[in-house]
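Understanding the architecture of this molecule
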Amino acid sequence: MTPYPNLRGLVEGQNVKHHGKMIYADLEMTNMDFYSKVQQIANWLVSKGLKPKERVWVHPQDFPFTELLIFGVWTVGASVILAEDHVQGIDHIIDADLVIEAGPISKLTKGQPDSFEPTYKSHLDDEALIFISGGKGLRLSHYNLLVNANDVQRKLDLFDDGKFYVDLEPTSTAWVVLQAIFPLYTGAPMTSKKPDLTIGTKNADYIVDFDWNQIKESNHLYIIPENTAVLSVGDQGLHLTAFEINKDQLTVNGHSVMMGYVDDELNEKVFTGESLVLQLNR
């Protein structure tokens, strides 16, 4: 359901197809620039001792370095930890093999080679992201993230002949899909100057809605991290997601449903048969 073998392949694919095209037009950063910086970061991460399948807690950085960092982690073949509240500790939920705090990433990676040879290439069903929220750790695969981006792209009709703007903090799975992955997956440059559509938490063409208990607004992107990020665009749903709301209970089936929580006891409470069952007033 996605043309890429993993998230590293997404960066490589866009560099092959659109290497000279802007990814961040306001910064005059092309896909080739993005690719090169990701390779440098991957080399720097390996120099810090990171190995494939390890987990890296990435703290929010100045734009666009959080985006570059997480793709650097995925290029190594490792997994990203992202926290809704990066100030609070996560040791009681998950152990991080490496912690990247806010800092001058461009200075730290200066001089690193802009080519990287991975020792491991992630599979679609490998863990790509652990999102920490509400005392829980949610595990999402490369496939979860790519297919959610694919399905939202279809609904928003955003492709490489368009341009868009999104403004989210790097503290949610919505940020991962809509701000980190979307510019690459859609091929549409991100720009604040006369975009074709805007995505944000307020005053945007599409409102990213984190706090909801019913689906009613046609221009809202309804977010449930357990379904990767977006559950539905307005009341249209998504191509590979089926859901039902019965009072305050949400039942979801589909390709965006998470791998599971870090805590297996929590998984036993929310996975019923082949469905994910959640309470909306959590």
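**Notes on the sheet that holds strand β14 (residues 249-254)**
- Pairing within the open sheet is antiparallel, and its four strands lie in the order β13-β14-β17-β16. On the outer flanks of this sheet lie β13 (241-246) and β16 (271-272), each paired with one strand and no other.
- Looking at chain direction, β14 and strand β17 (residues 275-279) are connected through four bridges and run antiparallel. By the bridge assignment for β17, V252 is matched with L276.

**Some words on the packing of aromatic side chains**
- All chains considered together, the criterion is met by seven aromatic pairs.
- With 5.7 Å between their ring centres and 75 degrees between their planes, F34 and F71 make a pair best called edge-to-face. Of the two residues, F34 sits in helix α2 (residues 31-47) while F71 sits in helix α3 (residues 65-76), which places them 37 residues apart along the sequence. F71 carries the same exposure label as F34, and that label is buried.
- Where F71 meets W74, the ring centres are 5.0 Å apart and the plane angle is 90 degrees; that geometry is what we call edge-to-face. Of the two residues, F71 and W74 both sit in helix α3, three residues apart, roughly one turn of that helix.

**Some words on the side chain of E67**
- Along the chain, E67 falls in helix α3.
- Summary of buried charges: E67 has no salt-bridge partner, and the nearest side chain of opposite charge, K37, is 12 Å away.
- With near-sequence residues (within four places) excluded, E67 lies in contact with Y24, F34, W175, Q179 and A180.

**Observations concerning the pairing of strand β11 (residues 220-223)**
- Of the two faces of β11, both are covered, the one formed by H220 and Y222 as well as the one formed by L221 and I223.
- Where strand β10 (residues 206-209) meets β11, three bridges bridge the pair, whose relative direction is parallel. By the bridge assignment, I207 is partnered in β11 with H220.
- Across three bridges, β11 lies against strand β12 (residues 230-233) in antiparallel orientation. Bridging across to β12, L221 finds its partner in V233.

Reading the values: the criteria
- Residues numbered from 1 in each chain as written.
- Predicted model: local features only at pLDDT ≥ 70, side-chain atom pairs only at ≥ 80, totals over all residues.
- Heavy atoms only, no water.
- Pairing = 2+ DSSP bridges.
- Helix = DSSP H or I, 4+ residues; strand = E, 2+ residues; numbered from the N terminus.
- Phe/Tyr/Trp six-rings, centres within 6.5 Å; stacked < 30°, edge-to-face > 60°.
- Buried < 20%, exposed > 50% of the residue type's maximum accessible area, 1.4 Å probe, protein only.
- Lys, Arg positive; Asp, Glu negative; His and termini not counted.
- Salt bridge = Lys/Arg side-chain N within 4 Å of Asp/Glu carboxyl O.
- Contact = heavy atoms within 4.5 Å.

These values are about where atoms sit, not about what they do.
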